[in-house]
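Below are the chains, spelled out letter by letter.
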Amino acid sequence: MAMSLAFHIIFAVMGIGMPLLMVLAERQWIRTRQPVWLDLAKRWSKGTAILFAVGAVSGTVLSFELGLLWPTFMEYAGPIIGMPFSLEGFAFFTEAIFLGVYLYGWTRLSARAHWWAGVAVAVSGTVSGVFVVFANAWMNSPTGFTMADGKPVAVDPIAAMLNPAAIPQAVHMTLAAFATTGFAVAGIHAWMLRKDRSSPFHRAALTVALWVAVPSALLQVVSGDLSAKFVAQSQPVKLAALEGHFRTARGAALRIGGLPDEATRETRYALEIPKALSFLAFGDFDAEVKGLEEWPEEDWPPVAVTHVAFQIMVGLGSLMALAAAWVLLLWVRRRAPADAPRLLTLLALLTPAGFIAVEAGWVVTEVGRQPWIIQGVMRTPDAVTPMPGLVVPFIAFTLLYLFLGVIVAWLLWSQIIRTRSA
Amino acid sequence: MPEPLLPHLLAGATMLALNAYVVLGGADFGAGVWDLLATGPRKEAQRDTIAHGIGPIWEANHVWIILVVVLLFTCFPAVYATLSVALHIPLVLMLIGIVLRGSAFTFRAYDSTDSPVQRWWGRIFSITSTVTPFVLGLSVGALVSGALEVPATATFAERFVAPWLTPFALALGAFTLAIFAFLAAVYLTIEAETQALQEDFRRRALAAAAAVAVCAIATLLAGRETVSQLTDALFTRRLALPLQLVTAVAALTAIAALWTRRYHLARAAAVLQVSGIVWGWALVQYPWMVPGVHSITSAAAPEVTLRLVSYGLVGGTLVLVPSLWFLFRLFKGDHRSAFERVDTAEYRSSTDTESGDPR
């Protein structure tokens, strides 16, 4: 399951981001009628097609795997959080339909109608992502039901869907999807531009990718801050684990880097900024931040993993925001980012940054919630299937996904990114 | 005593989505079977017809199964949990099939570099297209036969293998495969661009019809012992007779229309026939969702969830139906004057089966 999700999240992220790039490129084609934009839109639509197909089938696997691996969880949570999944189903349906229209309809539709089909793909893709994140957010802040005799009663699916974590998490994830795709595409083309500065194809691709990457990476800083404040309120154990914060303190320090040691209850090798954690989490330099010592060890998430993953996510996010600010500066000065060699190098280096940050962020929210599958309600081992020998399907799916990942990467490279030597 | 309406409505909607998946997605699998069995001088032309026929629509068709799963775990979570524990092994196999098939088809379509690799993708696509429906039928067979009622103390083999490794389930697997192949061949007679290709698919459709008949008899024979109560129901329930009749007439019409080369009629009849079979299955099991374990009412989620999901369904349908109509009109409509008429016939046939919904 973890493997399927880790794989699916990459495709989902690209699946949300790519249609936007594709639609922006086609709009440029409609406006300027320069063939380079059409070429770009067509190539990106191919990329979208490949990613969507693999995303769709890996998503199918997930919808079954929820039950195959967590039957108890689903029996319990299905009625409560099924609502966003049902809506997601329809959004996904719309996306599939209009992607078919878009991909095979270049010659059958007017340019304008075709463009709108692309917009429908981009919008429904984003919406379906939002719904899925709503369901995940519920696992972090379960609302919309009360417990009686170990069973959920007074179920309110709307309240569950619009749980307090839903909006912050959905905004964070959507921005992450755009930033990740934008930086990945920008990075690849920046790398190509370092060799061939004049290629109109790569210049066009870089421009569109940055339109998406820059605003989302900058907004993500704000959204990340809001998310952290929310976690501080609703899941203080998670916050403590994120920060490797063992002892309750007023004016707590923010740790950058470092390795928490659960045995000695210390986080070593970290750069500490006095009082900063209290300020970031609660907006007050002297606020009390509860340490892990407040909770019994059986309720701790794996501290080291959570802390390190969080550091990776925040670190890469900050780097991307810095790069975005640099691009913004160039834009203000009316200079093309493609003519700034050092920026191109940075962008090329940041190509995988978004993916790594997304995976790290996913580890943060999932591992940080352990030992609970539903925060404070159900523990993970209680939810798992009674089926023995789960390692067999796990290995099978892992191999399958690795294989698919390699093929997809190779196809994207050979069919879309590489330019003809013209 | 009136049964609670809402669970039945949603069970019906789930069944309708499954019906759509079988009629649309099933044919995509069937097309893969004909890709595997492509022979003769027009081998490559057959494969091209198949690829063009399913290219724009297979992803939309595929979403029906996701809708089924989502409705199941939202509205009937206990059923979903039971199925996914007992049928873990076949479902995993089916998923691997679905993943490989969809990916291979897309990779083949977008990889224009060299043909050996393409052929390789084609091979994977067609083989998984063949295996997956078989496993799907197998799972349904295990469900229908009531074999999922196993105590948790049973051994691994009793609990996770025995329910689906029965002659009945195997026969139903073969039956499903034959039905999907039949549907696909019938649709492809209309997709075919030349007379010769059309004849190829016509012969295939007739052969598949024969295979369907053989498999149906085998399934009934194999099921006589294990699921006698259920087969009884197939003949004694109040609505059973009309439904049987409609299915049989549709089947004969489909074959006769193929014989006389009236392909649009054949398509409408085939859709009606297969829908009749799907609803026949529903009727046989009614009111059980998992025979002996969960009934429609006992497994239903809280009323508020059901109500909200049904609103969601209505809203979703309002978006979905025009979009789907647009998609099919765009790719299945032009240069085929007779299409509009058949499309309405298809629509009518699916509403017919809906009103044949056992209550």
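Just above sits the structure.
Residues numbered from 1 in each chain as written. Chains lettered and ligands numbered in written order. Predicted model: local features only at pLDDT ≥ 70, side-chain atom pairs only at ≥ 80, totals over all residues. Heavy atoms only, no water.

Visitor: When you look at the overall build of chain B in this model, what are you seeing that I'm missing?
Guide: The secondary structure content of chain B amounts to 15 helices and two strands. Looking at chain B as a whole, 60% of its 359 residues qualify as buried. Of all intrachain contacts in chain B linking residues separated by at least 6 positions in sequence, the fraction that spans at least 24 positions is 81%. Split by element, the accessible area of chain B, about 14600 Å² in all, is 68% carbon and sulfur. (Helix = DSSP H or I, 4+ residues; strand = E, 2+ residues; numbered from the N terminus. Buried < 20%, exposed > 50% of the residue type's maximum accessible area, 1.4 Å probe, protein only. Contact = heavy atoms within 4.5 Å. Areas by Shrake-Rupley, 256 points an atom, 1.4 Å probe, with all protein chains shown as cover.)

Visitor: What should I look at first to understand the overall build of chain A in this one?
Guide: Helices and strands together make up the secondary structure of chain A, namely 14 helices and ten strands. The C-alpha atoms of chain A give 23 Å as radius of gyration, which agrees with the globular expectation for 422 residues (22 Å, within 12%). In terms of principal-axis extent, the alpha carbons of chain A reach across some 65 × 45 × 40 Å. In chain A, which comprises 422 residues, the share counted as buried stands at 59%. A fraction of 75% describes how many contacts in chain A between residues 6 or more apart in sequence connect residues 24 or more apart. With an accessible surface of roughly 16900 Å², chain A has 67% of that area assigned to carbon and sulfur atoms. (Rg over C-alpha atoms; globule rule 2.2 N^0.38 Å.)

Visitor: Mind showing me how you'd approach the environment of Val 212 of chain B here?
Guide: By the element assignment, Val 212 of chain B lies in helix H9 (residues 195–226). Excluding anything up to four places from it in sequence, Val 212 of chain B contacts Phe 175, Ala 178, Ile 179 and Phe 182 of chain B.

Visitor: Looking at this structure, I do not really get the packing of helix H10 (residues 303–332) of chain A against helix H12 (residues 353–367) of chain A. What am I missing?
Guide: Any two packed helices are characterised by the angle at which their axes cross and by the distance between the axes. Residues and elements named next belong to chain A. Remark: H10 packs on H12, axes separated minimally by 8 Å, with the N-to-C direction vectors making an angle of 145 degrees. The way H10 lies across H12 gives a crossing that is left-handed. Counted together, Val 305, Thr 306, Ala 309, Phe 310, Ile 312, Met 313, Leu 316 and Met 320 of H10 and Ala 353, Gly 354, Ile 356, Ala 357, Ala 360, Gly 361, Val 363, Val 364 and Val 367 of H12 form the full contact between these two elements. Across the contact of H10 with H12, the residue classes break down as 14 nonpolar, three polar and no charged. (Axes fitted to C-alpha atoms, helices over the stretch in contact; angles between N-to-C directions. Left-handed = near helix turned anticlockwise from the far one by under 90°. Nonpolar A, V, L, I, M, F, W, Y, C, P; charged D, E, K, R; others polar.)

Visitor: How do you make sense of the interface of chain A and chain B when you look at a structure like this?
Guide: Many analyses report the size of an interface as the accessible area lost when the parts associate. Listed by partner, the interface residues are 61 residues for chain A and 63 residues for chain B. Interface area lost by chain A to chain B is led by Phe 64, Phe 90 and Phe 93 of chain A, which between them contribute 13%. The interface formed by chain A and chain B holds zero salt bridges in total. Seen at the junction of chain A and chain B, the total is zero residue pairs in polar contact (both at pLDDT 80 or more). If you tally residues by element for the side of chain A that touches chain B, the top one is helix H3 (residues 71–104) of chain A, at 23 residues. Class assignment of the residues belonging to the side of chain A that touches chain B gives a composition of 46 nonpolar, twelve polar and three charged. (Buried area = accessible area lost by both parts, 1.4 Å probe. Salt bridge = Lys/Arg side-chain N within 4 Å of Asp/Glu carboxyl O. Polar contact = N/O pair within 3.5 Å; in protein donor to acceptor, adjacent residues only side chain to side chain.)

Visitor: Teacher, can you tell me more about the nonpolar core here?
Guide: Formed by 234 residues in total, the largest nonpolar core has its most connected members in Trp 44, Phe 73 and Trp 138 of chain A together with Phe 76 of chain B. Ranked by size, the runner-up nonpolar core spans 15 residues in total, among them Leu 242, Leu 254, Ala 276 and Phe 310 of chain A. (Core = buried A, V, L, I, M, F, W, Y, C linked by side-chain atoms within 4.5 Å.)

Visitor: Looking at this model, I keep getting lost on the environment of Leu 165 of chain B. Mind explaining?
Guide: By the element assignment, Leu 165 of chain B lies in the loop between helix H7 (156–161) and helix H8 (167–191). For the pair formed by Leu 165 of chain B and Ser 275 of chain B, sequence separation is 110 residues and the distance between their alpha carbons is 26 Å.

Visitor: Mind showing me how you'd approach empty space enclosed by the protein here?
Guide: Over the atoms rolls a probe the size of a water molecule, and in doing so it shows where empty space is left. According to the stated counting rule, one finds three cavities of 30 Å³ or more in the structure shown. Estimates place the volume of the largest cavity at around 100 Å³. Residue lining of the largest cavity: 14 residues in total, with Leu 103 and Tyr 104 of chain A together with Gly 55, Trp 58 and Glu 59 of chain B positioned closest to the centre. Classifying every residue of the lining of the largest cavity by side-chain character gives ten nonpolar, three polar and one charged. Lining the second largest cavity are Tyr 21, Phe 29, Ile 65, Met 94, Ile 98, Thr 132, Pro 133 and Leu 136 of chain B. Its residues assigned to classes, the lining of the second largest cavity shows seven nonpolar, one polar and no charged. (1 Å grid on protein atoms, 1.4 Å probe; cavity = no way out; pocket = protein on both sides within 12 Å on 5 of 7 lines; lining within 4 Å. Points joined across faces, edges and corners; volume = space filled by probe spheres on them.)

Visitor: Mind showing me how you'd approach unusual backbone geometry here?
Guide: Most of the time, phi is negative for any residue but glycine, and the peptide bond is trans. For Arg 33 of chain A, which is not glycine, the phi dihedral falls at a positive 60 degrees. Position of Arg 33 of chain A among the secondary structure elements: in the loop between helix H1 (2–32) and helix H2 (35–69). Since its relative accessible area comes to 46%, Arg 33 of chain A is described here as partly exposed. You will see that Arg 261 of chain B, though not glycine, has its phi angle at about 65 degrees, which is positive. Tracing the backbone shows Arg 261 of chain B in the loop between helix H11 (240–259) and helix H12 (263–285).

Visitor: Explain the packing of aromatic side chains here, please?
Guide: Each aromatic ring pair is specified by the distance between its two centres and by the angle formed by the two planes. Under the definition given, this model contains nine aromatic pairs over all chains. Each ring, one from Phe 93 of chain A and one from Trp 64 of chain B, has its centre 4.9 Å from the other, and the planes form 80 degrees; the classification is edge-to-face. Taken as a pair, Phe 93 of chain A in helix H3 and Trp 64 of chain B in helix H3 (residues 58–75) lie in two separate chains rather than in one. Residues Phe 93 of chain A and Trp 64 of chain B agree in their burial class; the two are buried. (Phe/Tyr/Trp six-rings, centres within 6.5 Å; stacked < 30°, edge-to-face > 60°.)

Visitor: Even after reading the chapter, I still don't get the pattern of salt bridges, so can you show me in this structure?
Guide: Two side chains of opposite charge can pair, provided their charged atoms sit close to one another. For the structure on display, the rule yields eight salt bridges over all chains. A salt bridge links Asp 39 of chain A to Arg 43 of chain A, with the nearest nitrogen and oxygen atoms 3.2 Å apart. Of this pair, Asp 39 of chain A and Arg 43 of chain A both sit in helix H2, four residues apart, which is roughly one turn of that helix. Given a relative accessible area of 8%, Arg 43 of chain A falls into the buried group. The partner of Asp 200 of chain B in a salt bridge is Arg 203 of chain B, with the nearest N and O atoms 2.8 Å apart. On the criterion of helical spacing, the pair formed by Asp 200 of chain B and Arg 203 of chain B is a turn pair, its members being three residues apart in helix H9.

Visitor: Help me understand H12 of chain B in this model?
Guide: Every α-helix carries 3.6 residues per turn, so stepping three or four residues along brings you back to the same face. For H12 of chain B, built from 23 residues, the straight-helix expectation of 33 Å at 1.5 Å per residue is met to within 8% by its first-to-last C-alpha distance of 33 Å. Within H12 of chain B, 18 of the 23 residues are buried, leaving the element largely enclosed by the surrounding structure. (Expected span 1.5 Å × (residues − 1).)

Visitor: Which parts of the structure should I look at to understand the side chain of His 307 of chain A?
Guide: Take His 307 of chain A: it is sitting in helix H10. What His 307 of chain A contacts, discounting residues up to four positions off in sequence, is Ala 241, Leu 242, Glu 243, Gly 244, Arg 255, Gly 257, Gly 258, Pro 260 and Thr 267 of chain A.

Visitor: Could you clarify how one ought to interpret a nonpolar patch on the surface in this entry?
Guide: Residue and element names in this part refer to chain A. Residues Leu 259, Tyr 269, Val 308, Ile 312 and Ile 356 make up a contiguous nonpolar surface patch of about 490 Å² in total accessible area. If you trace the backbone, Leu 259 turns up in strand E5 (residues 259–261). Overall, Leu 259 belongs to the partly exposed group, its relative accessible area being 47%. (Patch = residues over 30% accessible without salt bridge, like charges linked within 9 Å, V, L, I, M, F, W, Y side chains within 5 Å.)

Visitor: Explain H11 of chain B to me, please; I cannot follow it from the model alone.
Guide: All names here are of chain B. Counted at 1.5 Å a residue, the expected span for H11 with its 20 residues is 28 Å, and the 29 Å between its end C-alpha atoms agrees. Among the residues of H11, Ala 240, Leu 243, Thr 247, Ala 250, Ala 251, Ala 254, Ala 257 and Leu 258 are the ones counted as buried. Projected down its long axis, H11 shows its buried positions confined to an angular sector of 140 degrees, all on one face. Facing away from the buried side of H11 by over 90 degrees, the exposed positions are Leu 241, Leu 245, Leu 252 and Trp 259. Immediately beyond the C-terminal end of H11, within one or two residues, lies Arg 261, with a positive phi of roughly 65 degrees. (Arc of directions from axis to C-beta.)

Visitor: It is not clear to me how the environment of Ala 181 of chain B should be interpreted in this structure. Could you clarify?
Guide: Residue and element names in this part refer to chain B. Tracing the backbone through its elements, the reader meets Ala 181 in helix H8. Residue Ala 181 is classed as buried on the basis of its relative accessible area of 7%. Spatially, the C-alpha atom of Ala 181 lies 21 Å from that of Pro 167, the residues being 14 residues apart in sequence.

Visitor: I'm lost on the packing of helix H6 (residues 166–195) of chain A against H12 of chain A in this one. Help?
Guide: Residues and elements named next belong to chain A. Contact pair H6 / H12: the axes reach a minimum separation of 8 Å and the direction vectors enclose 155 degrees. By the criterion of interaxial angle, the relationship of H6 to H12 is roughly antiparallel. Mapping the contact onto sequence places Gln 169, Met 173, Ala 176, Thr 180 and Ala 184 in H6 and Gly 354, Phe 355, Val 358 and Thr 365 in H12. The class makeup of the residues in the contact of H6 with H12 is five nonpolar, four polar and no charged. (Parallel < 35°, antiparallel > 145°, perpendicular 65-115°, else oblique.)

This is a description of form; function is not addressed.
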